[in-house]
Amino acid sequence: MEPKMEHVSVTLPVSNEPLIVTSVGSRKSLKRHWNQLSRFQKNLACIFLAGCCIFYIVFFMLPLDDPSRSSDSNVIDSLEHIQIAPFKERHERVIAQSVVKEVKLTDSHREGNPATEEPQAVAVGQPPDTSPGPARLEIVREEPKEIVDNEENVLEENHRAAFPGAKDFKGPTNERQRAVVEAFQHSWKGYKEYAWGHDNLKPISMGYSDWFGLGLTIIDSLDTLYIMDLQDEFDEARTWVEKYLKFDVNREVNLFEVTIRVVGGLLSAYHLSGDRMFLDKAIDLGNRLLPCFDSPSGIPFSDVNIGTLTAHAPKWSPDSSTSEVTTIQLEFRDLSRSAENPVFENVAARVNLKVHELDKNEGLVPIFINANTGLFRNFATVSLGARADSYYEYLLKQWLQTGKKNDDYLIEDYRQAMSGVLNQLVRTTPNEKHVYIGELINGKDFKPKMDHLTCYLPGTLLLGYKNGMPKTHHRLATDLLETCYQTYMKQPTQLAPEITYFNVNGESETDIYVKTNDAHNLLRPEFIESLYYFYAITGNRTYQDMGWTIFQAFNRYTKVKNGYTSIGNVKNPLNTRPRDMMETFWLGETLKYFYLLFSDDRNEIDLDRYVFNSEAHPLPIRDHV
């Protein structure tokens, strides 16, 4: 039996007179018609009315930039410092051809010239509030003029030419350098669009990741922008630092990471540009890091709250990493000399002395040290990779930074440590004769494992040789550089894994092999850093060709629509497993070293006048100290 169908017919009056509904009878007629509708028809009518109400509220009652309408699910409501959205690519200039009638909005809550108003506070990742609030329309007649966005005025005011002592860079001079600049601009564009003011870009999901909430990508990129002569981008970054980088916030940070990235980045930008603002920011942050040194032993705690000024050991361990407490001295010394305040250098130098006085294994140090006792952890791993690498790097570089004093205990510690490396950690594979550096587990058992981080050492060894270290350092540097290159070339992607293992007694079919869990690549700079030192010191362009091969591999396997991403598998070109993370050191280190490596002028950064910190930020060598 077919279901009964209901029909409703509505008869419209036919008349030339307007229909005016005023009587009670008419209202009852509407109610009767409503009651005659089916349930389905009533539901449709209700849905239509609800949609009309929502449309009216959204498009007529809410302001366009109301936070409740934001589609950004990553907004951090509790983040306490102000950040801004990307600048416009270039602000349009409007030339009035005749007398202009301009409609202005005058806000009843703002008095004075709107162009001089400070930006309003905004949630992280959202554009500044431009809604006029309660306003009235006012017609203003003006003479023909050029209207320039206030943000462009800021950029012009901050142009590097205004600062005395600025170092001059000419920009890229060849196709390889231009390719690196293009890679940087591609990365920067994605960061500006999706992560501006945040620490890291997530280029695939078009989001961001915050570690300390200090705009790390911007700070790490300042000197790279300056060296590449990207003036507009540098001015954008400078404006953000001046107006929105705040340290009086309740936030936990790591002493080591913030020192090499933020203090180092600000100091380098200061020295290259001559802009005192960067130094003032570094001094503010340096003062907030000083509580770390208030420990029972003088070995600094690893973490500090820069708002409450309280320091403590890491939550995961009572110990600090040895590299963390010994890789702050370049920055703290330069901060003291630049600020003419000895306190920063003094606290960092005391750490040097305490570590110098500890017992070591032929100059080699364990990877952990305790801030309460001031002692190394017993039976900890000895490595030139993670948690120890930059201890050895900073022994040499501090000596260079202070004018190469012959009686400096730091260079003696460095010589002894490199002797220990040669005697205890260097091995050669049985078939292909690859020279590599292993680790001592429990301080004694050799393990044929080498972190990609260790590939900084060839460049450091060659820098030492340039400044008087023995020929054995040069030989090890050359052999180790070739091995590091092979960790790239042995992979189908021509990108190195995070960790490489080496054949000792035939346990592997190949002399170089990678375990599945170690096959990721984080866009790290260490090998490119070493190639740069080899080119800058020797002038041999073979190292440029090696670097170009690797740069092309990065472009092939890590470039995505909105930047570059670390990958999870260098062993399979068809399944690289992108990890959706662009680390700050990609812009701050890797691309900077590529750019300098490909320079026609190998002295673009004079290694007799500058020393690079562990985050590739150049700091001046001071012969008089």
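As the structure is a prediction and not an experimental result, all values here were calculated from the model.

Caption draft 1: A look at the overall build of the chain. The secondary structure content of the chain amounts to 18 helices and 22 strands. Counting across all 625 residues of the chain, residues that qualify as buried make up 53%. Once local pairs closer than 6 in sequence are excluded, the contacts in the chain between residues at least 24 apart make up 72%. Carbon and sulfur atoms form 51% of the exposed surface of the chain, whose accessible area is close to 29,700 Å².

Caption draft 2: Structural context of the side chain of Thr493. Mapped onto the secondary structure, Thr493 falls in the loop between helix H15 (471–489) and strand E17 (499–502). With relative accessibility at 0%, the residue Thr493 sits in the buried group. Here Val570 takes part through its backbone oxygen, which lies 2.8 Å from a polar atom of the side chain of Thr493. Leaving out residues up to four positions away in the same chain, Thr493 has contacts with Ala553, Tyr557, Val570, Asn572, Pro573 and Thr576.

Caption draft 3: Region of interest: the environment of Leu422. Structurally, Leu422 can be placed in helix H13 (residues 409–425). For Leu422, a relative accessible area of 32% puts it in the partly exposed group. Considered as a pair, Leu422 and His473 are 51 residues apart in the sequence and their alpha carbons are 8.9 Å apart. Leave out the neighbours within four places in its chain, and Leu422 touches Thr472 and Leu476.

Caption draft 4: Quick peek at the pattern of salt bridges. What the rule picks out here adds up to 24 salt bridges. Note that Arg337 is salt-bridged to Glu345, the shortest N-O span being 2.6 Å. The structure contains a network of salt bridges with shared partners spanning Asp220, Glu257, Arg261 and Glu615.

Caption draft 5: Quick peek at the packing of aromatic side chains. Following the criterion strictly, the structure yields 30 aromatic pairs and no others. Ring plane angle 80° and centroid distance 6.4 Å describe the contact between Phe551 and Phe598, whose orientation is recorded as edge-to-face. Placement of Phe551 in helix H17 (residues 542–557) and of Phe598 in the loop between helix H18 (584–597) and strand E21 (610–612) is noted, with a sequence separation of 47 residues between them. Accessibility expressed as a relative area gives 2% for Phe598, which makes it buried. Grouped by ring-pair contacts, the aromatic residues Trp548, Phe551, Phe554, Tyr564, Trp586, Phe594 and Phe598 constitute a single cluster. Taking NZ or CZ as reference, Lys167 lies 5.3 Å from the ring centre of Phe169, over its face. Its guanidinium or amino end placed over the ring of Phe368, Arg377 lies 4.0 Å from that ring's centre, counting from NZ or CZ.

Caption draft 6: Broad picture of the confidence of the model for the chain. Residues of the chain with pLDDT of at least 70 account for 76%, and the chain-wide mean is 83. Note that pLDDT drops below 50 for residues 1–28; the model gives that stretch 8 contacts with residues more than four away or on any other chain. Within the model, the stretch residues 60–160 combines pLDDT values under 50 with 155 contacts to residues more than four positions away or in other chains.

Caption draft 7: Representation of the sheet that holds strand E18 (residues 512–513). Taken together, the 3 strands give an open sheet; going across it, the order is E16-E17-E18, and neighbouring strands pair in antiparallel fashion. Here the strands that pair on one side only, and so sit at the sheet edges, are strand E16 (449–451) and E18.

Caption draft 8: Geometry of the state of the cysteines. For the structure shown, the criterion picks out 1 disulfide. Here Cys455 is linked by a disulfide to Cys484, with a sulfur-sulfur distance of 2.1 Å. The chirality of the disulfide connecting Cys455 with Cys484 is left-handed, given an S-S dihedral of about -100°. With a gap of 29 residues between them, Cys455 in the loop between E16 and helix H14 (457–466) and Cys484 in helix H15 connect regions that are remote in the sequence. The exposure class of Cys455 is buried, given its relative accessible area of 2%. By relative accessible area, which is 0% here, Cys484 ends up buried.

Caption draft 9: Molecular detail of the nonpolar core. Formed by 155 residues in total, the largest nonpolar core has its most connected members in Val241, Leu266, Leu289, Tyr392, Phe527 and Leu591. Among the elements that make up this core, the one with the highest residue count is helix H7 (residues 255–273) (11 residues). The contact partners of Phe527, leaving out residues within four places of it in the chain, are His452, Cys455, Leu481, Cys484, Tyr485, Tyr488, Met546 and Ile550.

Caption draft 10: Spatial organisation of the packing of helix H16 (residues 526–538) against H17. Packing of H16 against H17 leaves a shortest axis separation of 9 Å and a crossing angle of 155°. With respect to H17, the axis of H16 lies roughly antiparallel. Handedness of the crossing formed by H16 with H17: left-handed. Touching Phe527, Ile528, Leu531, Phe534, Tyr535 and Thr538 of H16 are Tyr543, Gln544, Met546, Gly547 and Ile550, all from H17. Considered class by class, the residues forming the contact of H16 with H17 number 8 nonpolar, 3 polar and no charged.

Caption draft 11: Examining the sheet that holds strand E8 (residues 303–305) more closely. Read across the open sheet, the 3 strands follow the order E7-E8-E9; overall the sheet is antiparallel. Pairing within the sheet leaves two strands with one partner each, and these edge strands are strand E7 (252–254) and strand E9 (310–312). Along the sheet, successive strands turn relative to each other by an average axial angle of 25°, direction set aside. Two strands pair when backbone bridges link them, and E7 and E8 are joined in this way by 3 bridges, in the antiparallel orientation.

Caption draft 12: Region of the structure containing the pairing of E17. In E17, alternate side chains face the same way, and those of Ile499 and Tyr501 on one face and Thr500 and Phe502 on the other are all buried. The sheet contact formed by E16 and E17 spans 3 bridges and is antiparallel. The residue bridging Asp451 from the neighbouring strand is Ile499, located in E17. When E17 meets E18, the two strands line up antiparallel, connected through 2 bridges. Residue pairing for E18: Phe502 is matched across the bridge by Ile512.

Caption draft 13: Region of the structure containing unusual backbone geometry. One non-glycine residue, Gln494, lies in positive phi territory at about 60°. By secondary structure assignment, the location of Gln494 is in the loop between H15 and E17. Positive phi, close to 50°, is recorded for Arg577, a residue that is not glycine. Secondary-structure assignment places Arg577 in the loop between strand E20 (563–564) and H18.

Caption draft 14: Main features of helix H6 (residues 231–244). In a regular helix each residue adds 1.5 Å, so 14 residues correspond to 20 Å; H6 covers 20 Å between its end C-alpha atoms and thus fits that length. With 10 of its 14 residues buried, H6 lies for the most part within the structure. Of all the residues in H6, the buried ones are Glu233, Phe234, Asp235, Glu236, Ala237, Arg238, Thr239, Trp240, Val241 and Tyr244.

Caption draft 15: Quick peek at the environment of Asn431. The topology assignment puts Asn431 in the loop between strand E12 (426–428) and strand E13 (435–437). By relative accessible area, which is 55% here, Asn431 ends up exposed. Along the chain, Asn431 and Gly506 lie 75 residues apart, while their C-alpha atoms are 9.0 Å from each other. Contacts of Asn431, omitting those with residues within four sequence positions, involve Asn503 and Asp511.

What counts, and where the lines are drawn
Residue positions are given per chain, counted from 1 along the sequence in the order it is written. This being a predicted model, a pLDDT of at least 70 is required before a residue's local features are given, and a value of 80 or more before pairs of side-chain atoms are given or counted; all residues contribute to the totals for chains, interfaces and linings. Values reported for side chains reflect all heavy atoms of the structure, with hydrogen atoms and water molecules removed beforehand. In this description a helix means any DSSP run of H or I spanning at least four residues, a strand means any run of E spanning at least two, and both kinds are numbered starting from the N terminus. Between buried and exposed lies partly exposed: a residue is buried under 20% and exposed over 50% of the maximum accessible area for its type, with that area taken using a 1.4 Å probe on protein chains only. Any two residues whose heavy atoms approach within 4.5 Å are treated as being in contact. Accessibility throughout is a Shrake-Rupley quantity obtained with a 1.4 Å probe, and a residue counts as covered only by protein chains that appear here. We define a polar contact as two N or O atoms separated by no more than 3.5 Å, with the added condition that, inside protein, one atom must be a possible hydrogen donor and the other a possible acceptor, whereas residues neighbouring each other in sequence contribute only through side-chain atom pairs. Take a side-chain nitrogen of Lys or Arg and a carboxyl oxygen of Asp or Glu: if they are within 4 Å of each other, that pair is a salt bridge. In this scheme Phe, Tyr and Trp rings, the latter by its six-membered ring, pair at centre separations within 6.5 Å, and the angle between planes marks the pair as stacked below 30 degrees, edge-to-face above 60, and tilted otherwise. Throughout this description, the term charge over a ring refers to an Arg CZ or Lys NZ atom that lies within 6 Å of the ring centre and within 35 degrees of the ring normal. One confidence number per residue, pLDDT, is output by the predictor and ranges from 0 to 100. When DSSP locates at least two bridges between a pair of strands, those strands are taken to pair. By disulfide we mean two sulfur atoms from cysteines, separated by a distance within 2.5 Å. What we call a nonpolar core is a set of buried Ala, Val, Leu, Ile, Met, Phe, Trp, Tyr and Cys residues that are connected through their side-chain atoms within 4.5 Å. Only the stretch in contact is used when fitting a helix axis, every axis being a line fitted to C-alpha atoms; angles between N-to-C directions are given from 0 to 180 degrees. These descriptions rest on fixed angle ranges, namely under 35 degrees for roughly parallel, over 145 for roughly antiparallel, 65 to 115 for roughly perpendicular, and the rest for oblique. Each crossing gets its handedness from the near helix: less than a right angle anticlockwise from the far helix is left-handed, clockwise is right-handed. Each residue gets one label: Ala, Val, Leu, Ile, Met, Phe, Trp, Tyr, Cys and Pro are nonpolar, Asp, Glu, Lys and Arg are charged, and the others, such as Gly, are polar. Here a helix's expected span is defined as the number of its residues, less one, multiplied by 1.5 Å.

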